[in-house]
Amino acid sequence: MEKTLAIIKPDAVERNLIGKILERIESNGFRIVAMKRTQLTLPVAEGFYYVHKERPFFKDLTTYMCTGPVVLLVLARDSAIAEWRKLMGATNPKDAEAGTIRKDFAIDIEKNSAHGSDSAENAAFEIAYFFSQTEIQE
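Residues numbered from 1 in each chain as written. Predicted model: local features only at pLDDT ≥ 70, side-chain atom pairs only at ≥ 80, totals over all residues. Heavy atoms only, no water.

(A) Layout of the sheet that holds strand 3 (residues 70-77). Taken together, the four strands give an open sheet; going across it, the order is 2-3-1-4, and neighbouring strands pair in antiparallel fashion. The open sheet has two free edges, formed respectively by strand 2 (31-38) and strand 4 (114-116), since each of these has just one partner strand. Between one strand and the next, the sheet's axes are offset by a mean angle of 20°, whatever the strand orientation. Two elements, strand 1 (residues 2-8) and strand 4, share three bridges in a ladder whose sense is antiparallel. Looking at the pairing, A6 lines up with G116 of strand 4. Packing of helix 2 (residues 18-27) onto the sheet brings it into contact with strand 1, strand 2 and strand 3, and relative to strand 2 it is tilted by some 160°. (Pairing = 2+ DSSP bridges. Helix = DSSP H or I, 4+ residues; strand = E, 2+ residues; numbered from the N terminus. Axes fitted to C-alpha atoms, helices over the stretch in contact; angles between N-to-C directions. Contact = heavy atoms within 4.5 Å.)

Written as structure tokens, this is what we have:
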């Protein structure tokens, strides 16, 4: 059973989409093995997205992620990383397939409602960044 980190971003939390996104997660065979709602600070967001620190969108992304509460999740299932990315859809909602979270709920490329780990290495880092082992209930 593979694990991945998922984040319901501030735009989706603000628009009361948590339940709709959680329903999609569970109905697509994921087990939610850890979950918490929190407000990111700028230093926490910058540390989390450090791999993008040289990218032109880093400042806007980290600032945006601090604009409201987020829901942090650890999802488990076979091929969790690839399956969560497929369910989220393309980063730019204009390019996302119908029925994906980003196509159905995103506002734009920045406010795209969800984050997901893109590799096993990043999933391990991201999960450990927000959750202790005792918080993950497999």
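Still more to cover.
(B) Highlighting unusual backbone geometry. Here the phi dihedral of N16 falls at roughly 55°; this positive angle occurs in a residue that is not glycine. Mapped onto the fold, N16 is located in the loop between helix 1 (10-14) and helix 2. Despite not being glycine, S79 shows a phi value in the positive range, around 55°. Among the secondary structure elements, S79 is positioned in the loop between strand 3 and helix 5 (80-88). When its relative accessible area of 43% is taken as the criterion, S79 is described as partly exposed. (Buried < 20%, exposed > 50% of the residue type's maximum accessible area, 1.4 Å probe, protein only.)

(C) Geometry of the packing of aromatic side chains. Within this structure, the stated rule accounts for seven aromatic pairs. An angle of 85° between the planes, with centres 6.2 Å apart, marks the rings of F30 and W84 as edge-to-face. Taken together, the residues F30 in the loop between helix 2 and strand 2 and W84 in helix 5 connect sequence positions 54 residues apart. Judged by its relative accessible area of 5%, F30 falls in the buried class. Under the relative-accessibility criterion, W84 is labelled buried at 1%. Both rings, one in Y129 and one in F130, keep their centres 5.0 Å apart while their planes meet at 85°; by these two values the pair is edge-to-face. Judged by relative accessible area, which is 30%, Y129 ranks as partly exposed. According to the relative accessible area criterion, F130 is buried, its value standing at 9%. Site record: aromatic cluster; members linked through ring pairs are F48, Y49, Y50, F125, Y129 and F130. (Phe/Tyr/Trp six-rings, centres within 6.5 Å; stacked < 30°, edge-to-face > 60°.)

(D) Structural view of the nonpolar core. Formed by 21 residues in total, the largest nonpolar core has its most connected members in I7, M65, F130 and F131. Looking at this core, the elements that each hand over two or more residues are strand 1, strand 2, helix 3 (42-48), helix 4 (58-64), strand 3 and helix 7 (120-130). Top contributing element to this core by residue count: strand 3, with four residues. Apart from residues lying up to four places away in sequence, M65 is in contact with I7, K9, P10, L40, A45, Y49 and V70. One finds A12, F30, V71 and A114 within the second-largest nonpolar core, a separate group that totals 19 residues. (Core = buried A, V, L, I, M, F, W, Y, C linked by side-chain atoms within 4.5 Å.)

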